[in-house]
Amino acid sequence: RTQEQHDTHITLKLVIFEFVNTFLALFYTGIYLQDLKALKSQLFTTLLVQQVVNQFQEVFIPFFLQKPSSVKFVNKVTRKLGIQDKPKVREVQGITVLSESDPQGEQVLKNISGNHLESLHDDFMELWLQFGHVFLFLSVYPLAALLALINNITEMWADRYKLCRLSSKPRPMCI
């Protein structure tokens, strides 16, 4: 199988699992128990907690891990473990080695030293579940649309910060 087929199958399995896992309790409360107050309360709690936890995981944890004290700690641990991750110096005619204080070198080191972006499955699943909450239960809880809008605006700013400041640029891969 190709990587694209693998990603498609993984995404499909995750969507089905998350749909059943998230919405089964809500359907049970709304259809079987027919308790609209409990359903509204459950929707509000689910949406709010899910949005706060996701924002915290996506922005604040990587932000604090990028702080100089945590970077110094990681460097200290890697030195103690004997891990050396320095580039090899090669001598090529016509090319000079840049000093570490050179602005171009600093920008390159910043671009390659961030966290690698593994996949977008988590972001896709977050939007999928939010869409499901709004679309399926809007008639019961109209405030869900406003909460989703606020979350999407803050998510846009958080993703921009995460991708521009905390993540490294993707490395080219030959196919």
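Relevant structure appears above.
Residues numbered from 1 in each chain as written. Predicted model: local features only at pLDDT ≥ 70, side-chain atom pairs only at ≥ 80, totals over all residues. Heavy atoms only, no water.

Summarise the nonpolar core; cite the residues concerned and give the values.
F23, L26, L39, L43, F137, Y141 and A144 are the most contacted members of the largest nonpolar core, which totals 13 residues. Among the elements of the structure, α1 (3-32), α2 (36-65), α5 (121-137) and α6 (143-166) are those that each provide at least two residues to this core. Not counting residues up to four positions away in its chain, the partners in contact with L43 are L26, H133, F137 and Y141. (Core = buried A, V, L, I, M, F, W, Y, C linked by side-chain atoms within 4.5 Å. Buried < 20%, exposed > 50% of the residue type's maximum accessible area, 1.4 Å probe, protein only. Helix = DSSP H or I, 4+ residues; strand = E, 2+ residues; numbered from the N terminus. Contact = heavy atoms within 4.5 Å.)

Provide a residue-level description of α1, including the pertinent values.
In this model α1 runs 42 Å from its N-terminal to its C-terminal C-alpha over 30 residues, within 8% of the 44 Å that 1.5 Å per residue would give. Along α1, the sharpest kink reaches roughly 40 degrees, centred on F23. Those residues of α1 not exposed but buried are T11, V15, T22, F23, L26 and T29. Where α1 is buried, its residues touch α2 and α5. Following α1 by one or two positions, Q34 adopts a phi angle in the positive range, close to 50 degrees. (Expected span 1.5 Å × (residues − 1). Bend = angle between axes of the 7 residues up to and from the residue.)

Provide a residue-level description of the environment of F124, including the pertinent values.
Among the secondary structure elements, F124 is positioned in helix α5. Taking the C-alpha atoms as reference, F124 lies 8.9 Å from T11; in sequence the two are 113 residues apart. For F124, the residues in contact, after removing those within four places along its chain, are T11 and V15.

Account for the packing of α2 against α5, with residues named and values stated.
One can describe the packing of α2 onto α5 by two numbers: an axis separation of 12 Å at closest approach and a directional angle of 160 degrees. Considering their axes alone, α2 and α5 lie roughly antiparallel with respect to each other. Like other packed secondary-structure pairs, α2 and α5 cross with a definite hand, here left-handed. For the pair formed by α2 and α5, the contact residues are L39, L43, T46, L47, Q50, Q51, N54 and E58 on the first element and D123, E126, L129, Q130, H133 and F137 on the second. A class-by-class count of the residues in the contact of α2 with α5 yields 5 nonpolar, 6 polar and 3 charged. (Axes fitted to C-alpha atoms, helices over the stretch in contact; angles between N-to-C directions. Parallel < 35°, antiparallel > 145°, perpendicular 65-115°, else oblique. Left-handed = near helix turned anticlockwise from the far one by under 90°. Nonpolar A, V, L, I, M, F, W, Y, C, P; charged D, E, K, R; others polar.)

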